[in-house]
Every structure is written in C-alpha cells, then in structure tokens.
Amino acid sequence: AVLDTPLTIPALLARAVADHGDRIYAVTPTGRVTYGQAEQRSAELARWLLALGVGKGTRVGLFFANGIEWIIWWLAASRIGAVAVPLSTMYRPAELAKVVRLADVGLLVAPAQVLDIDVAARLEAAFPGLADQRADRLSLPVAPFLRRIALTSGAGVAWASRCADDTDDDTDDGDDRVGADVLASAEAEVSAADLAIMVHTSGSTADPKGVLHTHGTLVRQTSTWPAAIR
C-alpha cells in the first residue's frame, strides 16, 4: 500500500485518512483520536505554524508528555517539512537548555502544565533572562536560534505566545492561520529526502547527540510493521 504513495508523512497521513478515516488512530489513557480527527486537528496547527513563519527545515521543539497532543503537534510539524525535536519531560532545566541549543530549535511548543511540571517555571529556570523577554522577540544568548515559545494553554507570561488547540474557540482565531490551499502547497513540497525528526541519544559521558531521520526513512521503516505484527 505504501509503494504507490510518496514516502512522506503528509502523504502517508492522507492515504490513511482516505482508506479508513473513521477508524481509531491512537488510544491513550486520557482519550482517543481517529485518523480523520488527527488529520483535521494537525491541519489547523500546521496552518498556524506556517503563518508564524515555520517551514521546511525549521527545528520545532515539542515538550509534551506521551499522548494525543504530542502526536497531533508532531503531525502538524511534519506535514510542512519542519524538523520535530522531541524534548523529554524528564529533562532538568540544564538538560533542556542544552538540547534546545544543540538542536538549533527555533520554536518551542509546550502546554502550561506537563504532569506535575510547571512548564513556565521550568523554562525560566532553563533559559536565564527569559522572564524579562517579550513573546514576539526572544533574544537569549543561551539559545541563540530560539525565536519563539508557544504555550498551548494559558500560563499568562509575557514571553510566551498563546497557541490554543482547536477546542478553544476564544483564542483559536482563523485569521492567525494561512489558508488550506497554502498548506496543501507546502505539503506537496515535502520530499522523502527531507529531514523529519531529530531524536537525541541519552549520552551519559558526553552531550546528547541529535540523530536525524528523513521522511523516507520513517515511512519505509514503519510500513513493514503491520506485516510483522500479523
């Protein structure tokens, strides 16, 4: 089924929705989502990312617990060719700052609360001087490429952009997103050779190493799983 589909995440998602859009895509202890719902929700976020200036090659840090929200944001970034950089919720402030710097993260996305972690407090501890910054013009020597931090739910801090999920009608303003036609054009520009994700090793004797995988690598590897499971 994958052979006649471009080896990219957006193409694979589109194929999955066409084949079984109403079927369950993921189940977690706190919820579930169908393929169609994942496509719709990630499309809204991808359009918001594009309006923000995120595009092919942009490093997008994702600081989320395992769950549907992480999946949706990963799909959103992947659909437009951005490089998703998962950030472990186990990182202490110094570790978080180090990985964000080493990965050249340009946008960091997180909820206001992760498990028992106050994310705003964790980020202020990781990035000295953040508390005095403005959301639209971050300038941090410790993370020189970090231009924006977006929180998906309200922390009420001046340095964070507000990005609500699609269930919050008060703040999820369609004017903050590009059109669906722009998203479609962006997805068409993503190729199998484009980078998709950077996963950091846990190096105990040196700095974490960012291992990069392309869209083609991810699609080729995961396409064999159904047959293997059967």
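The structure we're discussing is the one just above.
Here we summarise the structure given alongside this text. (Residues numbered from 1 in each chain as written. Predicted model: local features only at pLDDT ≥ 70, side-chain atom pairs only at ≥ 80, totals over all residues. Heavy atoms only, no water.)

### What to know about unusual backbone geometry
Put simply, the rule is: Accessible area is worked out with a 1.4 Å probe on protein chains only. A residue is then buried under 20% of its type maximum, exposed over 50%, and partly exposed in between.
Even without a glycine there, the phi angle at Asp104 is positive, about 55°. Using a relative accessible area of 33% as the deciding quantity, one classes Asp104 as partly exposed.

### Observations regarding helix H2 (residues 35–52)
Quick reminder of the rule: Each helix is a run of H or I in the DSSP string that is no shorter than four residues. Each strand is a run of E no shorter than two, and both are numbered from the N terminus. In this analysis, the expected span of each helix is defined as 1.5 Å times one less than the number of residues it contains.
For H2, which comprises 18 residues, the first-to-last C-alpha distance of 26 Å matches the rise-based estimate of 26 Å (1.5 Å per residue) to within 8%. Of all the residues in H2, the buried ones are Tyr35, Ala38, Ser42, Ala43, Glu44, Leu45, Ala46, Arg47, Trp48, Leu49 and Leu50. Just past H2, the residue Gly53 takes up positive phi, approximately 105°.

### Considering the packing of aromatic side chains
The following threshold applies: A pair of aromatic rings is counted whenever rings of Phe, Tyr or Trp (Trp by its six-membered ring) have centres within 6.5 Å, and the orientation is called stacked for planes under 30 degrees apart, edge-to-face for over 60 and tilted otherwise.
Under the definition given, this model contains 4 aromatic pairs. Consider the rings of Tyr25 and Tyr35, whose centres lie 4.9 Å apart with planes at 35°: the pair is tilted. Residue Tyr25 is found in strand E1 (residues 24–28), and its partner Tyr35 is found in helix H2; the two are separated by 10 residues along the sequence. A residue is classified by how much of its surface remains accessible, and Tyr25, at 28% relative accessible area, is partly exposed.

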